[in-house]
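Each chain, written out:
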Amino acid sequence: MSADARPAAQPPTDRATPPLTERQEARRRRILHASAQLASRGGFEAVQMREVAEAAGVALGTLYRYFPSKIHLLVATMQDQLQHMHSTLRKRPPAGDDAAQRVAETLMRAFRALQREPHLADAMVRALTFADRSVSPEVDTVSRLTTAIILDAMGLEHPTPEQLSAVRVIEHTWHSALITWLSGRASIAQVKIDIETVCRLIDLTAEPGPWRG
């Protein structure tokens, strides 16, 4: 059986589950911590479900009840990392003079946090790339978190459709920049230039013009 395969006796996971109890949440935290630790040491291939279960101190069947596959687990790990980043950024918000500068600073801070753990970053990005429709809820959560981080930096609670469109393009560019850096096809300096360039879209959405039709 491959590391990502579900054991034959494991029943399908019920995605419409009630909120976790305190004990269940603590168990989930241990699983995510174990996943991040293994990925930090050896990247995507190092995250094997049996090893994660052992490191977290849970039965393999229990692990599969929380995360049906390695891809689900690693996308949830990225969600957890983004939540931590979001909390940190709220405590120390960016200090740019305008929204575009603040977003660029925020994304570069997030990028540098991932840069410190390149194996973990690679594992999480690969999981996002491999994710199929069964992982859509988790991927959507990652996207919503990224959007929230950008909107916080912009200082917007009620963005216009044009502003949300710009945010999506910024997200795509940030994700692409991370992939090209991880693959050795872009330097940090180039990533910074790309991020700062795409963040100028924010200025366009703040002005009347073609965006308003």
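Described in the following lines is the structure provided in the data block. (Residues numbered from 1 in each chain as written. Predicted model: local features only at pLDDT ≥ 70, side-chain atom pairs only at ≥ 80, totals over all residues. Heavy atoms only, no water.)

Axes are the key here: two packed helices are described by the angle between their axes and the distance separating the axes. Between helix α5 (residues 99-115) and helix α7 (residues 136-154), the least distance of the axes is 8 Å, while the angle of their chain directions is 140°. In this view, α5 runs oblique relative to α7, as classed from their interaxial angle. Our pair here, α5 against α7, has a crossing hand that is right-handed. Residues Ala99, Arg102, Val103, Thr106 and Leu107 of α5 lie in contact with α7, whose contacting residues are Ile149, Ile150, Ala153 and Met154. Of the residues contributing to the contact of α5 with α7, the split by class is seven nonpolar, one polar and one charged. (Axes fitted to C-alpha atoms, helices over the stretch in contact; angles between N-to-C directions. Helix = DSSP H or I, 4+ residues; strand = E, 2+ residues; numbered from the N terminus. Parallel < 35°, antiparallel > 145°, perpendicular 65-115°, else oblique. Left-handed = near helix turned anticlockwise from the far one by under 90°. Contact = heavy atoms within 4.5 Å. Nonpolar A, V, L, I, M, F, W, Y, C, P; charged D, E, K, R; others polar.)

To continue, consider the nonpolar core. Soluble, globular proteins show a tendency: their nonpolar side chains are buried together. In this structure, Ile31, Leu63 and Val103 are the most contacted members of the largest nonpolar core, which totals 65 residues. Excluding residues within four positions of it along the chain, leucine 63 makes contact with Ile31, Met49, Val52, Ala53 and Val58. (Core = buried A, V, L, I, M, F, W, Y, C linked by side-chain atoms within 4.5 Å. Buried < 20%, exposed > 50% of the residue type's maximum accessible area, 1.4 Å probe, protein only.)

We now examine the packing of aromatic side chains. Remark: the centre distance and the inter-plane angle together describe each pair of aromatic rings, the angle taken between the planes. Applying the stated criterion across every chain yields a total of two aromatic pairs. For the pair phenylalanine 44 and phenylalanine 130, a centre-to-centre distance of 5.5 Å together with 80° between the ring planes defines the contact as edge-to-face. With phenylalanine 44 in the loop between α1 (22-42) and α2 (49-56) and phenylalanine 130 in helix α6 (residues 118-130), the pair connects residues that are 86 residues apart, well separated along the chain. Judged by centre distance (5.3 Å) and plane angle (65°), the rings of phenylalanine 111 and tryptophan 181 are edge-to-face. One end of the pair, phenylalanine 111, is in helix α5; the other, tryptophan 181, is in helix α8 (residues 161-182), and 70 residues separate them in sequence. Here phenylalanine 111 matches tryptophan 181 in class, with each residue buried. Positioned above the aromatic ring of phenylalanine 44 is the side chain of lysine 70, whose terminal nitrogen or guanidinium carbon lies 3.9 Å from the ring centre. (Phe/Tyr/Trp six-rings, centres within 6.5 Å; stacked < 30°, edge-to-face > 60°. Lys NZ or Arg CZ within 6 Å of the ring centre and 35° of its normal.)

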